[in-house]
Structure formats: structure tokens, C-alpha cells
Amino acid sequence: MESENRTMIREFILLGLTQSQDIQLLVFVLVLIFYFIILPGNFLIIFTITSDPGLTAPLYFFLGNLAFLDASYSFIVASRMLVDFLSAKKIISYRGCITQLFFLHFLGGGEGLLLVVMAFDRYIAICRPLHYSTVMNPRTCCAMMLALWLGGFVHSIIQVVLILRLPFCGPNQLDNFFCDVPQVIKLACIDTFVVELLMVFNSGLMTLLCFLGLLASYAVILCHIRGSSSEAKNKAMSTCTTHIIVILFMFGPGIFIYTRPFRAFPADKVVSLFHTVIFPLLNPVIYTLRNQEVKASMKRVLNKHIA
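As named in an unreviewed UniProt entry, the protein chain is Olfactory receptor, taken from Gorilla gorilla gorilla. The Sequence similarities (unreviewed entry) comment attached to the protein chain in UniProt states, word for word, "Belongs to the G-protein coupled receptor 1 family."

Here it is as C-alpha cells:
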């Protein structure tokens, strides 16, 4: 009730990616094409992994969850953005904005933790292969998935609670194409310095620590495989390279957006576009294109259903 009394704004106006109609049309067409080509690919990955009895290893279990998280994460922003491109006035309700922000950080936080779990999985598989089946058993994998979903929820609910306590009395123009913490906080009617520091600590520090921890873990793995045979070394190198590319895609833009005080930079919207729409859809595809087992299984699934 207190939140309702203090919150005078009932809707936000999204200023969008750009004010140029030509650029908006170009981005709309490119995102639409990209979205409807890559998104079905993500669901094909999920269907392949769940339907092929040969893809039961923990790596594929985590890959299927990554495809689901990335598709959901991108849908939260991309679907709304495509609709807004066709609207003269881009309006989102206060509750809709908070809901979008919650799911964005819930899924994003969960994905970041999933990449940590996948790094741990690769560490055990490469550096402790004799213990792999014991450590990464189905019960442990499910417990890890439950923990990362819970971690994503806690991370996101902290953001939402802090924002719900802020009074918004105008202006109501969000300089972005979706609701995110930096832009929403700036519209509060009070000094938000302390809240911004808390948000940087919750989002920025978490992102940076996960990123540095992941790079350190893969550095350990790469050092470990230096003395391995050529075949084992090449396979491990391929897997680790794929993971590192996805980590850079996931955490690079996140560090740029959340680890600094919330001031606007010209590149913010472009970075946000890649962070919320492009890279999430690409991540599972990158994993798949470099994994021979998944590619072979996808071909079998497609041939079976086409035939």
C-alpha cells in the first residue's frame, strides 16, 4: 500500500533504440529475421537433447537449459521491442516495467550461474575424469539447476524490492527500448546514490566476479591439458574455446552496463541490444556448431521427421 501511495507514475514512455525512422525500420527487419531464424534453432536444440537417448551426459543437460534460458531471456525484450517498433507511442505500465525488469534479471542471473556450473562440469570432466560420473551424477545436476534458479530469483528480487521502495513522480521517459535498472532508477524523485551503489554491488560485482572466476577456471583447465595427447587436447581446447566465447558474449556487455555508476553513454543502447537480443540467441548455436554429437543428433532428428 505504501508503494502505491508513493508511486505517482502509472506508466513509462520508452524512447526506443533510436529516433530515426529509417534506422528503426532497418533494425526491426534485421531483428525480426534474426529472431525467427535463430529462435526455432534454440528450440530444436532443446527438442534434440530431450529426445535423443544418446545425449544424456550432464554437458547436454546444461546445454538444453542454456538454450531455454537464452530463448526466454531474449523473448522478454525482443518481443516487446518488435511490437514497439510498429507503435507511434511506446508505453509500458509501471507494473509491466517492473515485471519485465524482474524476469530479465531472474533469467540473466540464472544464466550467469549456469555458465559457472558448466565451467565446473568441464573442470571435473577434464581435470578429474575418474571422479566425473560420481561427482556429476543426475541428482547433483538437478540440485545445481535448482540452486541456480534460486540464485537468479534472489538476485532479481533484490533489484525489484529496492526499486519498489523508490517514489516516481515524473518525468516518465525511459531512454531505452526496455525497462532496466539504470534507466528506471534515474527517474526516481529522490537522491538514488545509495541505491545505485547497492545495485552496482548486486549486479555489477556479481557479474564481474563470475566473469573473473570463469576465466580463472578455464585457465586452470588449459594449463592442465598442455601435457595431454593431441586428440584429447584438441577436443578439450575446442570445448573450452566455445565456453570462453559464450562467457565473453554474456559477461562483456553486462560488465559494461552494470559495473559503473548509472550514467548514460552513447554506446549503451547498442550494447544493450546485443546483450539482451542478439547474443542470448547465438550462445546455444555457438555451442551446437562446435559439438559434433549434437550436430549429428540434430541431423538424425530432422531426417526422421522430414521423412
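From this point on, the discussion continues.
Asker: Looking at this structure, I do not really get the overall build of the protein chain. What am I missing?
Answerer: What the protein chain contains, in helices and strands, is 11 helices and three strands. Its helices and strands taken in sequence order, the protein chain reads α-β-α-α-β-α-α-α-β-α-α-α-α-α from the N to the C terminus. Seen along its three principal axes, the alpha-carbon backbone of the protein chain occupies a region of about 65 × 45 × 35 Å. Taken over 307 residues, the protein chain has a buried fraction of 50%.

Asker: What am I meant to see in helix 3 (residues 58-85) here?
Answerer: For an α-helix the count is 3.6 residues per turn, leaving residues at separations of three or four pointing the same way. An ideal rise of 1.5 Å per residue puts 40 Å on 28 residues; helix 3 measures up with 40 Å between its terminal C-alpha atoms. Most pronounced at Phe-75, the bend in helix 3 amounts to some 35°.

Asker: I'm lost on a nonpolar patch on the surface in this one. Help?
Answerer: Taken together, the side chains of Leu-150, Phe-153, Val-154, Ile-157, Ile-158 and Val-161 define a hydrophobic patch exposed on the protein surface, amounting to about 470 Å² of accessible area. With respect to the secondary-structure elements, Val-161 resides in helix 6 (residues 138-164).

Asker: Is there a simple way to think about the confidence of the model for the protein chain in this case?
Answerer: Detail in the predicted coordinates should be disregarded across regions flagged by low pLDDT. A residue-level look at the protein chain finds 95% of positions with pLDDT of 70 or above and a mean pLDDT of 84. In this model residues 1-5 is a low-confidence stretch, pLDDT under 50, and it forms four contacts with partners more than four residues away in sequence or in other chains.

Asker: What am I meant to see in the environment of Leu-15 here?
Answerer: Tracing the backbone shows Leu-15 in the loop between strand 1 (11-14) and helix 2 (21-51). With 75 residues separating them along the chain, Leu-15 and Lys-90 place their C-alpha atoms 7.1 Å apart. In contact with Leu-15, other than residues within four places in its own chain, are Gln-173, Leu-174, Asp-175 and Asn-176.

Asker: When you look at the nonpolar core in this model, what are you seeing that I'm missing?
Answerer: The biggest cluster of nonpolar side chains holds 90 residues, and the ones touching the most others in it are Phe-12, Phe-62, Leu-115, Phe-168 and Phe-251. If one sorts the elements of this core by residue count, helix 4 (residues 94-127) sits on top with 16 residues.

Asker: Looking at this structure, how should I read the UniProt feature "transmembrane region" (unreviewed entry) in the protein chain?
Answerer: Under the local residue numbering, the UniProt record ascribes the feature "transmembrane region" (unreviewed entry) to residues 23-47, 59-78, 98-120, 141-164, 205-225, 237-258 and 270-289. For residues 23-47, the end-to-end C-alpha separation is 36 Å, with 100% helix and 0% strand making up the annotated structure.

Asker: What's the story with the packing of aromatic side chains in this structure? I'm lost.
Answerer: The way to describe two aromatic rings as a pair is by their centre distance and the angle between their planes. Within the structure shown, the criterion is met by 16 aromatic pairs. Where Phe-61 meets Phe-62, the ring centres are 5.5 Å apart and the plane angle is 55°; that geometry is what we call tilted. Ring centres 6.4 Å apart and planes at 55° place the aromatic pair Phe-68 and Trp-149 in the tilted group. In this pair, Phe-68 is assigned in helix 3 and Trp-149 in helix 6, connecting sequence segments 81 residues apart. The exposure class assigned to Trp-149 is partly exposed, which follows from its relative accessible area of 24%. Taken together, the aromatic side chains of Phe-68, Phe-102, Phe-103, Phe-106, Trp-149 and Phe-153 make up a single cluster linked through ring pairs.

Parameters at a glance
- Residues numbered from 1 in each chain as written.
- Predicted model: local features only at pLDDT ≥ 70, side-chain atom pairs only at ≥ 80, totals over all residues.
- Heavy atoms only, no water.
- UniProt positions renumbered as here; feature names shortened; annotations may be inferred.
- Helix = DSSP H or I, 4+ residues; strand = E, 2+ residues; numbered from the N terminus.
- Buried < 20%, exposed > 50% of the residue type's maximum accessible area, 1.4 Å probe, protein only.
- Expected span 1.5 Å × (residues − 1).
- Bend = angle between axes of the 7 residues up to and from the residue.
- Patch = residues over 30% accessible without salt bridge, like charges linked within 9 Å, V, L, I, M, F, W, Y side chains within 5 Å.
- Areas by Shrake-Rupley, 256 points an atom, 1.4 Å probe, with all protein chains shown as cover.
- Salt bridge = Lys/Arg side-chain N within 4 Å of Asp/Glu carboxyl O.
- pLDDT = per-residue confidence, 0-100.
- Contact = heavy atoms within 4.5 Å.
- Core = buried A, V, L, I, M, F, W, Y, C linked by side-chain atoms within 4.5 Å.
- Phe/Tyr/Trp six-rings, centres within 6.5 Å; stacked < 30°, edge-to-face > 60°.

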